[in-house]
Amino acid sequence: GEVLAEVAKDPDRPFLIKSGPSTIKVTGTKFDFKSYEQDKVIEIALLEGSVDYSWKTPLVTRTVSLEAGNLMKLDKNSADISVSQLNVASYKTFNQNRSIHFLDEPLSDIAAALERVFDTKIVIMDESLAKTHYFAYFLNNEGLDEILNALNASGAMAIGRHDNVITISRWTADQE
């Protein structure tokens with residue numbers, strides 16, 4: 001799931017969040033933690049303070065210390081961790097006006113998130129499209145069609161709908 005956590009500062013009694021092989025040690029901070037079982041990536045957006053994150057499995061252990069303004073992503077398949085900078089002032093959490101953001105995420109993960117939010121099935125028919133990464137913020141309670149149209153600004157996708165299933169394929173000239 002996803003949680004926005006605000007934890008009071010108390011270095012003598014750290015707050016621990018455990019989710020599968022993930023552990024977050026918090027001593028006073030505000031952060032957004034996203035870890036859905038079906039997603040390939042775990043994400044922490046640290047808005048204030050600092051946290052220590054660890055990923056421990058029988059085969060691999062990864063740890064990282066994060067500071068305010070860090071965006072951490074852990075690839076569940078490779079256990080690779082990347083940390084980039086986040087504009088905290090413009091970041092909107094998932095609970096603010098149904099804010100939705102995708103920060104360097106593949107279309108396959110975006111589709112999974114949109115399925116959860118809009119209770120619909122999305123099938124990506126083209127593997128290269130599924131792997132295409134996007135940066136996008138939707139802050140004004142946009143609907144599914146508005147989000148898909150924005151993601152398709154380049155016109156590279158053909159988006160179809162039948163009943164409660166949306167299909168996304170690569171657009172070709174013979175689809176005119």
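Quantities reported herein were computed from a predicted structural model and do not represent experimental measurements. (Residues numbered from 1 in each chain as written. Predicted model: local features only at pLDDT ≥ 70, side-chain atom pairs only at ≥ 80, totals over all residues. Heavy atoms only, no water.)

Novice: Describe helix H3 (residues 144–151), with residues and values.
Specialist: Within H3 the residues assigned to the buried category are Leu-144, Ile-147, Leu-148 and Leu-151. The arc that holds the buried residues of H3, viewed along the axis, is 95°, so those residues lie on one side. (Buried < 20%, exposed > 50% of the residue type's maximum accessible area, 1.4 Å probe, protein only. Helix = DSSP H or I, 4+ residues; strand = E, 2+ residues; numbered from the N terminus. Arc of directions from axis to C-beta.)

Novice: So what about helix H1 (residues 107–118)? Which residues, and what values?
Specialist: End to end, H1 covers 16 Å across twelve residues, agreeing with the expected 16 Å (1.5 Å per residue, within 8%). Positive phi shows up at Asp-119, right after H1, with a value of about 50°. (Expected span 1.5 Å × (residues − 1).)

Novice: Summarise the nonpolar core; cite the residues concerned and give the values.
Specialist: Side chains that are nonpolar tend, in soluble globular proteins, to be buried together. By size, the foremost hydrophobic cluster in this structure holds 20 residues, and its most contacted members are Phe-102, Leu-107, Leu-114, Leu-151 and Ile-168. Within the residue set of this core, elements represented by two or more residues are strand E8 (100–106), H1, strand E10 (133–138), H3 and strand E12 (165–170). Listed in part, the 19 residues of the second largest apolar core include Ile-42, Trp-55, Val-64 and Leu-74. (Core = buried A, V, L, I, M, F, W, Y, C linked by side-chain atoms within 4.5 Å.)

Novice: Please provide a residue-by-residue account of the sheet that holds strand E9 (residues 121–124), values included.
Specialist: One open sheet accounts for three strands, arranged E9-E12-E11; its pairing is mixed. Where the open sheet ends on each side, the last strands, each with one partner, are E9 and strand E11 (157–162). Sheet twist, expressed as the average angle between the axes of neighbouring strands with direction ignored, equals 20°. Pairing analysis gives six bridges linking E11 to E12, with the strands arranged antiparallel. By the bridge assignment, Met-157 is partnered in E12 with Arg-170. In the packing of H1 onto the sheet, contacts are made with E9, E11 and E12, and the angle to E9 comes to roughly 165°. The strands that H3 touches are E9, E11 and E12; relative to E11, the one it contacts most, it runs at about 160°. (Pairing = 2+ DSSP bridges. Axes fitted to C-alpha atoms, helices over the stretch in contact; angles between N-to-C directions. Contact = heavy atoms within 4.5 Å.)

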